Amino acid sequence: MMADSAVAGLAATLGSVTLETTASGIGGSDVASTTAGGVAAAASPAKSGLEAAASMGGSFFETLISSDFYKNTKVRDISGSFRWAPFLALQKSDSLLTMLLLLSKYRMKSLPVVDLGEGRIENIITQSAVVHMLAECVGLHWFENWGTKKLYELGLPIMKPDRLIKVNEEEPVLKAFQLMRKKGIGGLPVVDGRGKKAIGNISIRDVQYLLTAPEIYKDYRSITAKNFLTAVRNYLEEHQEASAMLRGVITCKRDDALKDIILRLDSEKIHRIYVVDEKENLEGVITLRDIISKLVHEPYNYFGDFFDGVVPLPQNSRV
C-alpha cells in the first residue's frame, strides 16, 4: 500500500542517519552523515541521534524533531528515494493485466489511480486490495479451479530455502532492518539458533519500535532479534495495540490449497506467510506479490523498453 512505500522511503532516509550510522558505530565510528535525495545531514560528532536519546532517557522523537535533519528535510527529498521517484500511476483506461504486472513482477506495492485531466489521485490500489478481491471471489467457478490447487502444484514457494533471507534470533535486530533495506524486502523471519525454525517475523514497519519503545531504543546497539520481538510484544500488550506480531509466526504447508492461503492472508491482514515442513522447519515464504504473480504472464514486449535498465529480469525469464 502507499503507507508501505512511505515507510520504506522514510526508513531508507532515516536509516542513513540512524540504522546505518549505528551499524558503523559498532565499529567505533564517531561521525555520521547521509545524503538522501541530494540532501546531506550530519549527526552529532559525539553521538548518533539514537545514542543521544538513550543517554537522555527521553523519546528518540524528541531528539529527532529538534535536529537539523528533521527541520530541513522536505517531502521531495524522501520521495526521491522511492523507486521511479515518486511512483508509477495508473489511469482508469489501463488494463487489469497492467495493474497486476506492476504489483507483481515490477514490485510495486501500491499504484495511485490518477485523473490526468483533473490532476488528482482518485484511488490507490494495493497488493492487499488485490488479494482481498481474490478472497471475495471464493465460490466462483474460475477461482475454485485455480484456488483449490496445492501450493506445490503452482510452484510455491518461489524462493528456495537456501536463498531465503532471514536473521538469527541472537543477531542484532539492526541487521534485520539493514537486510530489508539492502535486499528491498518488506519483512523477514527470525529463526532459532539452528536456523531451522521461524520464531517470529520482523517487518519494515517495526522500525518504529526502535524509535518509540524506551526499553528498545535504550539498547538499540545490542538488542537481539529475539529480545526485540519479546520487547515489542510486551509493548503492544501494555498499550493494548492490535498487531499480527502478537499472534506469533503464521505458517502453512506446501500441500495447503492456495485458496486457504489467500483467505488467511486477507483475514489476518498480513503480507507474508511462512511455509514449513512436517517438523515445522522453515521451507520458504509466500508473499502477496507471489500470489498475484501466479495470475499473470507478461506478453512479449508488453511494456516495450520502459523498464530496460531499471528492473533486472529474473533468471530464466521468458520475456
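See above for the structure.
Since the structure is predicted, the reported quantities are computational estimates derived from the model, not experimental observations.

Undergrad: Give a detailed account of the sheet that holds strand β7 (residues 198-203), specifying residues and quantitative values.
TA: Strand order across the open sheet formed by three strands is β5-β6-β7, with mixed pairing between neighbours. In the strand order of this sheet, the two ends are held by β5 (167-168) and β7, each with one partner. In this fold helix α10 (residues 173-183) packs onto β5, β6 (187-191) and β7, with an angle of close to 55 degrees to the strand it touches most, β7.

Undergrad: I'd love a proper account of the pattern of salt bridges, names of residues and values included.
TA: All told, the structure shown has ten salt bridges when counted by the stated rule. Across the pair Lys92 and Glu122 runs a salt bridge, and its minimum N-O distance is 2.9 Å. In this pair, Lys92 is assigned in the loop between α6 (75-79) and α7 (96-103) and Glu122 in strand β4 (residues 120-126), connecting sequence segments 30 residues apart. Residue Lys92 is classed as exposed on the basis of its relative accessible area of 68%. On the basis of relative accessible area, Glu122 is assigned to the partly exposed category, the value being 28%. A salt bridge links Glu268 to Arg247, with the shortest nitrogen-to-oxygen separation between them at 2.6 Å. Within this pair, whereas Glu268 is found in helix α14 (residues 258-268), its partner Arg247 is found in the loop between α13 (225-238) and β8 (251-252), the two being separated by 21 residues in sequence. Each member of the salt-bridge network shares a partner with another, and the members are Lys92, Glu118, Arg120 and Glu122.

Undergrad: So what about the nonpolar core? Which residues, and what values?
TA: Within the largest apolar cluster, 26 residues are counted, with the highest numbers of intra-cluster contacts made by Phe177, Ile202, Leu210, Ile216 and Phe228. For this core, the secondary structure elements donating two or more residues are α10, β6, α11 (208-212) and α13. With seven residues, the single largest contributor to this core is α13. Counting residues in hydrophobic clusters, the runner-up holds 21 residues, among them Trp146, Ile262, Leu288 and Ile291.

Undergrad: With reference to specific residues and values, describe the sheet that holds strand β9 (residues 272-276).
TA: One open sheet holds the three strands; their spatial order is β8-β9-β10, and the pairing between them is mixed. With one partner strand each, in any of the chains shown, β8 and β10 (282-287) form the two edges of the open sheet. Bridge count for β9 against β10 is five bridges, and the pairing is antiparallel. Bridge assignment links Ile273 to a residue of β10, and that residue is Ile286. Sheet contacts for α14: β8 and β9; angle to β9, the most-contacted strand, approximately 135 degrees.

Criteria and thresholds
Numbering of residues starts from 1 in each chain and follows the order in which that chain's sequence is written. Totals for whole chains, interfaces and linings use every residue, but because this is a predicted model, local features are given only for residues with pLDDT of at least 70 and side-chain atom pairs only at 80 or more, for both listing and counting. Each side-chain value is worked out from all heavy atoms of the structure, with water and hydrogens disregarded. Pairing between two strands requires that DSSP report at least two bridges joining them. Each helix is a run of H or I in the DSSP string that is no shorter than four residues. Each strand is a run of E no shorter than two, and both are numbered from the N terminus. The contact criterion used is simple: two residues touch if any of their non-hydrogen atoms lie within 4.5 Å. Helix axes use the C-alpha atoms of the stretch in contact, all axes being lines fitted to C-alpha atoms, and the angles between their N-to-C directions lie in the range 0 to 180 degrees. By definition here, a salt bridge exists when the distance from a side-chain nitrogen of Lys or Arg to a carboxyl oxygen of Asp or Glu is within 4 Å. The buried label applies to any residue whose accessible area, calculated with a 1.4 Å probe on protein chains only, is under 20% of its type's maximum; exposed applies above 50%, and partly exposed to all values in between. The nonpolar core is taken to be a set of buried Ala, Val, Leu, Ile, Met, Phe, Trp, Tyr and Cys residues, with the residues joined through side-chain atoms within 4.5 Å.

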